[in-house]
Amino acid sequence: RQGNLWATLNLGIGTLANNKTGWRGWGGVIGPDGKFAPKSFGMRSPCGLGANRAGDLFFTDQQGTWIPATPIYHLQPGVFYGNQESLASTQHPDAPFRLTKVPRGNQPYGAALSECPEFVSPAVWLPYNKMGRSATDIELIDHGGKFGPFDGQLLVGEFTNASVNRVFLEKVNGQYQGACFPFLSGFPSAVMRLSLSPEGSLFVGMTNRGWSSLGNRSYGLERVRFTGKVPFAIRSIHVRPEGFRLQFTQPVDRDR
């Protein structure tokens, strides 16, 4: 909203990779002057950016070194997302901050979080394989019911499983948390990019380049329209002191 372009930078992967320069694994903004200003780091292989209704940005990352499962993070300045292969750039004169303490390896994730004030957890974890193995693009559903009963929620592309997941978020004490749900599957190639048109059609850009997916086509472009038939599904889920409060898309038969 301030006219800046947010960017997330991938780590170099492989024997020839050099992650000691170039803000590898960092996120930042490109302002009107065209210069990159680093803001946060600890990313492994970010592959999608998207905003919610409030205008807060989120990004997806990939399961792998230092990242135990596929995360969806709230993109914000002054934080560390966990991957220590991007630590070298904190020594750069333009680095906006350094870690109070580098978390030790080979310990439970929660313990590592408590060791480092700048280390933040994802808003949502996508359980490995059940919800996919490689999240990609993020797209907000905000079309007045033209794309079904999930306005205000996020769609998240999935590369390896050639599918699209749905994510519900809530903000509690200033922090985002949420839940994920399978949404669409069976695409002919890996889902890489998503775009909802003003009339409520979802365009899905696909490619198997550089990796493999459950789809057997090299690439593709598909258009998904809402049929008007509302599926029976969990619309939202909120955490309460006594448990969870679920809202469904259709009335629930209490006798079943």
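Scope of this entry: the structure provided in the associated data block. (Residues numbered from 1 in each chain as written. Predicted model: local features only at pLDDT ≥ 70, side-chain atom pairs only at ≥ 80, totals over all residues. Heavy atoms only, no water.)

1. Quick look at the side chain of Ser-86
Here is step 1 of the chain: Mapped onto the secondary structure, Ser-86 falls in the loop between strand E6 (70-74) and helix H1 (109-115).
Here is step 2 of the chain: Here Gly-42 takes part through its backbone nitrogen, which lies 3.1 Å from a polar atom of the side chain of Ser-86. (Helix = DSSP H or I, 4+ residues; strand = E, 2+ residues; numbered from the N terminus. Polar contact = N/O pair within 3.5 Å; in protein donor to acceptor, adjacent residues only side chain to side chain.)

2. Topic: the pairing of strand E16 (residues 243-248)
Here is step 1 of the chain: Across six bridges, the pairing between strand E15 (residues 234-240) and E16 is antiparallel. The residue of E16 that forms the bridge with Ser-236 is Gln-247.
Here is step 2 of the chain: Hairpin connection between E15 and E16: a loop of two residues separates the two successive antiparallel strands. (Pairing = 2+ DSSP bridges.)

3. Brief notes about the sheet that holds strand E5 (residues 57-60)
The strands that make up a sheet pair up through hydrogen bonds in the backbone, lying either parallel or antiparallel.
Here is step 1 of the chain: Read from one edge of the open sheet, four strands run E4-E5-E6-E7, paired in antiparallel fashion. Each edge of the sheet is formed by a strand with only one pairing partner; in this case those strands are strand E4 (48-51) and strand E7 (124-126). Strand-to-strand twist across the sheet, computed as the mean angle between neighbouring axes with direction ignored, equals 20°.
Here is step 2 of the chain: As paired elements, E5 and E6 share three bridges and run antiparallel to each other. For Phe-58, the partnering residue across the bridge sits in E6 and is His-74. (Axes fitted to C-alpha atoms, helices over the stretch in contact; angles between N-to-C directions.)

4. Some words on the sheet that holds strand E14 (residues 219-224)
Here is step 1 of the chain: Strands sit in the order E12-E13-E14 across an open sheet of three strands; the sheet is antiparallel. Two strands bound the open sheet, and with one partner strand each, they are strand E12 (191-196) and E14. Here the strands of the sheet are splayed against their neighbours by 15° on average, with no regard to which way each runs.
Here is step 2 of the chain: Bridge count for strand E13 (residues 202-207) against E14 is six bridges, and the pairing is antiparallel. Counterpart to Thr-207 in the pairing with E14 is Tyr-219.

5. Examining the environment of Val-156
Here is step 1 of the chain: In this fold, Val-156 is placed in strand E9 (residues 154-158).
Here is step 2 of the chain: With a relative accessible area of 1%, Val-156 lands in the buried category.
Here is step 3 of the chain: For the pair Val-156 and Pro-182, spaced 26 residues apart in sequence, the C-alpha separation works out to 9.8 Å.
Here is step 4 of the chain: If sequence neighbours within four positions are ignored, Val-156 has contacts with Thr-60, Ile-72, Leu-126, Ala-135, Asp-137, Ile-138, Ser-163, Val-164, Asn-165, Val-167 and Leu-194. (Buried < 20%, exposed > 50% of the residue type's maximum accessible area, 1.4 Å probe, protein only. Contact = heavy atoms within 4.5 Å.)

6. Comments concerning the environment of Gln-76
Here is step 1 of the chain: For Gln-76, the location among the structural elements is in the loop between E6 and H1.
Here is step 2 of the chain: On the accessibility criterion, Gln-76 (21% relative accessible area) is partly exposed.
Here is step 3 of the chain: Measuring from C-alpha to C-alpha, the distance between Gln-76 and Gln-62 comes to 18 Å, with 14 residues separating the pair along the chain.

7. Brief notes about the packing of aromatic side chains
Here is step 1 of the chain: Inspection of the entire model under this criterion finds 15 aromatic pairs.
Here is step 2 of the chain: Look at Trp-26 and Phe-41: their rings are 4.6 Å apart centre to centre, the planes differ by 20°, and that puts the pair in the stacked class. Linking Trp-26 in strand E2 (residues 26-30) with Phe-41 in strand E3 (residues 36-41), this pair joins segments that are 15 residues apart in sequence.
Here is step 3 of the chain: Residue Trp-26 is classed as buried on the basis of its relative accessible area of 0%.
Here is step 4 of the chain: Note on Phe-41: relative accessible area 0%, which makes it buried.
Here is step 5 of the chain: Note on Phe-80 and Phe-119: the rings are 5.4 Å apart at their centroids and 50° apart in plane angle, and the pair reads as tilted. Of this pair, Phe-80 sits in the loop between E6 and H1 while Phe-119 sits in the loop between H1 and E7, placing them 39 residues apart in sequence.
Here is step 6 of the chain: For Phe-119, a relative accessible area of 9% corresponds to the buried category. (Phe/Tyr/Trp six-rings, centres within 6.5 Å; stacked < 30°, edge-to-face > 60°.)

By themselves, these observations are geometric and do not establish any function.
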